[in-house]
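Geometric and topological summary
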Amino acid sequence: MTATADILIENARVLTMDEGAPRAEAIAVKGNRIVAVGTRAEVGATKGAGTRVIDAGRATVLPGFIEGHIHIFPGGTSLDGLSLESVSGLDALKSAVRAFAAKRPDHKIVFARQANYTILGVGVQVTRHHLDEVLPDRPFAMVAPDGHTVWANTRALELGGLLHGKETIPGSEIVMAADGKASGELREPGAYGVLNAFTPTGGREVLGLRTGDDPETPPTAAEREGDRQILRNALDYCASLGITSFQNMDGNRYQLALLEEIDEASGLKVRAQIPFHMMNHMALDRLEEAVAMRARWAGGRLKSGMVKVFMDGVIDSSTAFMLSDYADRPGVIGDPWFSAEHFAEIATRADRLGLQIAVHAIGDAAVRRTLDGYEAAQRANGRRDSRHRIEHIESIDPADIPRFAGLGVIASMQPTHAPGFVFPPEPTVSRLGARRLKTAYAWQTIRKTGAHMSFSSDWPVAPLDPILSLKAALVRRPLTEGAPDERQSLEDALAGYTRDGAHAEFAEGSKGRLKSGMLADIVVLSGDIEATPAEALTDLKAAITICDGRITHGG
């Protein structure tokens, strides 16, 4: 007997992402599962008196987008912050910051985000003196889009006890000026993290990135509710963009507990995976915490089970770890956050514990060191279906490209990160130079080797909208003469945000495809994505989002 559907989507152009039956006209949902996919007539048999019928108007219907690399807590905080994304020049910077600061007289430090490295012009190094002009009478700091560099004025440096420098953890740096005082540029969280403590949240949203630990002082009930609201806002935003799952790339128990509380109260609108963040100063035995987190949070909407590691920084601040000098900075190769031996030890232990590992590695040397560590784990433990990942892979040596498929490592990449789309070409292009640009952001080159690849945004580093990322993947042009064409087909780009995203978290049996028996995670677009030119993809929106059988946006 055919089950009566709770929700019936019909008159649709369904792209199932299921190789066995790639297209359909209708989908039926009962509870939190898909119960029928097929023609309008076939699926119409599930319609009953109480069925909610959605006429898609011949628009595209897809599996819900799976965001493979996100920072949900900082992202939620950014929704109410000052973005400098479109600000350029000192006068415009003054205007934006002073207007924002005037509306927040109680803030101990005025913080802005999305400050491009060229915000004051190509080749201009931002200093505390520039920012003293911007806001002379209050502490002020602004963070680069990548989140790896902060520039602070003198008052902010004094507030954080950084003006005269201080020792930082490996990979971080307080850049010092010729006068013996901090220049204002703070590279990596180990240098600037102290400033987060003076924000309205006390920096709780970035602890998963900075330390991997919970707040030292337990938040008050009011603070905890404020943090839950930040996460609710972030989840609402995800749902509005058609996202039904995300894999977070920073983590601690506090984030998991907050999301669990939201889930128990009202049900999460988006499925979440939160990792354990293994820092370079942590004892190896702390990986047992990741095992405990995996056991404690293993539900259908909220889970752990992954270890996140940062191997290096980013190209624009020259903190990404390179095999040879930066093209525009002779003698500089960046600093790794882990020695080869230390990371191999971590990878081997985590792999032995059955944990998945995801490593931020942007420079070609960082990518190689991570691959070497995964190879060491395989030698020690034997090969298994580990699905270890490397995040970003913005620069790679040609010799390492086939190693992803050979080792079974997932390439987790972000289409919007290639310079010239969302972010300005400089200083990235000059830092890499023509030789490295030929294998930079090598999406299609890596894909051709047979490696698994998932796509994502790294929000709030880049805009969260998956459709913007799809456009970036389709319209990409070579970064230098002689570079290969790295553009993606629509099918591959969609797979990176659906089927392949599910594979990246061992969930291909339950989501990422529209098939009977799969979870009811679905997005109905506002139009036909196949009939929309690549340049016009962002004219499309998520009209309706369904997660776990519940309409979470639109409808």
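Residues numbered from 1 in each chain as written. Predicted model: local features only at pLDDT ≥ 70, side-chain atom pairs only at ≥ 80, totals over all residues. Heavy atoms only, no water.

Description of the overall build of the chain
Tallying secondary structure elements over the chain gives 18 helices and 26 strands in all. Its C-alpha radius of gyration of 23 Å places the chain within 12% of the 24 Å reference for a compact globule of 555 residues. Seen through its C-alpha atoms, the chain measures out along the principal axes to roughly 80 × 55 × 50 Å. Residue burial in the chain is summarised as follows: out of 555 residues, 59% are buried. Look at the contacts in the chain between residues 6 or more apart in sequence, and 72% of them connect residues 24 or more apart. Accessible area of the chain: about 20100 Å², with a carbon and sulfur share of 50%. (Helix = DSSP H or I, 4+ residues; strand = E, 2+ residues; numbered from the N terminus. Rg over C-alpha atoms; globule rule 2.2 N^0.38 Å. Buried < 20%, exposed > 50% of the residue type's maximum accessible area, 1.4 Å probe, protein only. Contact = heavy atoms within 4.5 Å. Areas by Shrake-Rupley, 256 points an atom, 1.4 Å probe, with all protein chains shown as cover.)

Regarding the nonpolar core
Residues Leu84, Leu93, Met142 and Phe404 are the most contacted members of the largest nonpolar core, which totals 119 residues. Here the element with the most residues in this core is helix α12 (residues 364-381); it accounts for six residues. Setting aside its immediate chain neighbours within four residues, Phe404 contacts Val367, Leu371, Ile390, Ile393, Ile396, Val409, Ile410, Ala411 and Ala451. Judged by nonpolar contacts, the second largest core, of 18 residues, contains Val14, Ile27, Val61 and Ile522. (Core = buried A, V, L, I, M, F, W, Y, C linked by side-chain atoms within 4.5 Å.)

Section: unusual backbone geometry
Note that the residue after Glu426, namely Pro427, is joined by a cis bond; omega there is 10°. Note the cis peptide between Trp459 and Pro460, where omega equals 10°. The topology assignment puts Pro460 in the loop between β23 (453-455) and α16 (466-475). Positive phi, normally seen in glycine, also occurs at Arg387, with a value near 55°. Position of Arg387 among the secondary structure elements: in the loop between α12 and β21 (389-392). Residue Arg387 is classed as buried on the basis of its relative accessible area of 8%. Here the phi dihedral of His392 falls at roughly 90°; this positive angle occurs in a residue that is not glycine.

Considerations on the sheet that holds strand β26 (residues 550-554)
The six strands are arranged β3-β2-β7-β24-β25-β26 in an open sheet whose pairing can be described as mixed. The open sheet has two edge strands with one neighbour each: β3 (23-24) and β26. For strand β25 (residues 542-547) and β26, the ladder comprises four bridges, and the chain directions are antiparallel. What sits directly across from Ile544, in β26, is Gly554. (Pairing = 2+ DSSP bridges.)

Focus on the sheet that holds strand β6 (residues 52-55)
Pairing is mixed in the open sheet, where four strands are placed in the order β5-β4-β1-β6. Only two strands of the sheet have a single neighbouring strand rather than two, namely β5 (33-38) and β6. Pairwise comparison of adjacent strand axes, ignoring direction, gives a mean angle of 15° for this sheet. (Axes fitted to C-alpha atoms, helices over the stretch in contact; angles between N-to-C directions.)

A few points about the environment of Ile396
Here Ile396 shows up in the loop between β21 and α13 (403-407). Residue classification places Ile396 among the buried residues on the basis of a relative accessible area of 2%. Considering only alpha carbons, one finds Ile396 and Ala442, 46 residues apart in sequence, at a separation of 8.0 Å. Apart from the residues lying within four places of it in its own chain, the contact partners of Ile396 are Asp364, Val367, Ile401, Phe404 and Thr439.

As for the packing of helix α8 (residues 221-240) against helix α9 (residues 253-266)
The packing of two helices is summarised by the inter-axis angle and the distance between the axes. Two elements in contact, α8 and α9, have axes whose closest approach is 10 Å; the angle formed by their N-to-C orientations is 75°. It follows from the interaxial angle that α8 and α9 lie roughly perpendicular. Contacts from Arg224, Asp227, Arg228, Leu231, Arg232 and Leu235 of α8 reach α9 at Tyr254, Ala257, Leu258, Leu259, Glu261 and Ile262. Grouping the constituent residues of the contact of α8 with α9 by class yields seven nonpolar, no polar and five charged. (Parallel < 35°, antiparallel > 145°, perpendicular 65-115°, else oblique. Nonpolar A, V, L, I, M, F, W, Y, C, P; charged D, E, K, R; others polar.)

A look at the packing of aromatic side chains
Each aromatic ring pair is characterised by the separation of its centres together with the angle its planes make. Throughout the structure, instances matching the rule amount to six aromatic pairs. Seen in terms of ring centroids, Trp443 and Phe455 are 6.5 Å apart; in terms of plane orientation they differ by 70°. Their pairing is edge-to-face. Of the two residues, Trp443 sits in helix α15 (residues 443-447) while Phe455 sits in strand β23, which places them 12 residues apart along the sequence. Judged by its relative accessible area of 1%, Phe455 falls in the buried class. One cation-aromatic arrangement involves Arg296 over Trp297; the distance from NZ or CZ to the ring centre is 4.6 Å. Positioned above the aromatic ring of Phe310 is the side chain of Lys308, whose terminal nitrogen or guanidinium carbon lies 4.0 Å from the ring centre. (Phe/Tyr/Trp six-rings, centres within 6.5 Å; stacked < 30°, edge-to-face > 60°. Lys NZ or Arg CZ within 6 Å of the ring centre and 35° of its normal.)

A closer look at the environment of Asp364
Considering the arrangement of structural elements, one finds Asp364 in helix α12. By relative accessible area, which is 2% here, Asp364 ends up buried. Spatially, the C-alpha atom of Asp364 lies 5.3 Å from that of Met322, the residues being 42 residues apart in sequence. Ignoring sequence-local partners within four residues, the contact set of Asp364 consists of Phe321, Met322, Leu323, Ser395, Ile396, Asp397, Asp400 and Arg436.

Section: α12
The end-to-end C-alpha distance of α12, which contains 18 residues, comes to 26 Å, matching closely the 26 Å that a straight helix rising 1.5 Å per residue would cover. When we look at burial in α12, the residues that qualify are Asp364, Ala365, Ala366, Val367, Thr370, Leu371, Gly373, Tyr374, Ala376 and Ala377. At the C-terminal side of α12, Gly382 shows a positive phi close to 85°. (Expected span 1.5 Å × (residues − 1).)

Side note on the side chain of Ser395
By the secondary structure assignment, Ser395 is in the loop between β21 and α13. With near-sequence residues (within four places) excluded, Ser395 lies in contact with Met322, Ile362, Gly363, Asp364, Val367, Leu432 and Arg436.

Here's the deal with the packing of α9 against helix α10 (residues 287-296)
Relative to each other, α9 and α10 sit at 5°, their axes nearing to 12 Å. Taken together, the axes of α9 and α10 are roughly parallel relative to one another. Only Glu289, Ala292, Met293 and Arg296 of α10 make contact with α9, whose side of the interface consists of Arg253, Leu256 and Glu260.

Observations regarding the pattern of salt bridges
In a structure, side chains of opposite charge can pair up when their charged atoms sit close to one another. Counted under the stated rule, the structure contains 41 salt bridges. For Glu505, the salt bridge goes to Lys303, with nearest N and O atoms at 2.7 Å. Here the residue Glu505 occupies a position in the loop between α18 (499-503) and β24 (522-525), and Lys303 occupies one in strand β18 (residues 302-303), the gap between them amounting to 202 residues. One salt-bridge network, in which partners are shared between bridges, spans Arg368, Asp372, Glu375, Asp397, Asp400 and Arg403. (Salt bridge = Lys/Arg side-chain N within 4 Å of Asp/Glu carboxyl O.)

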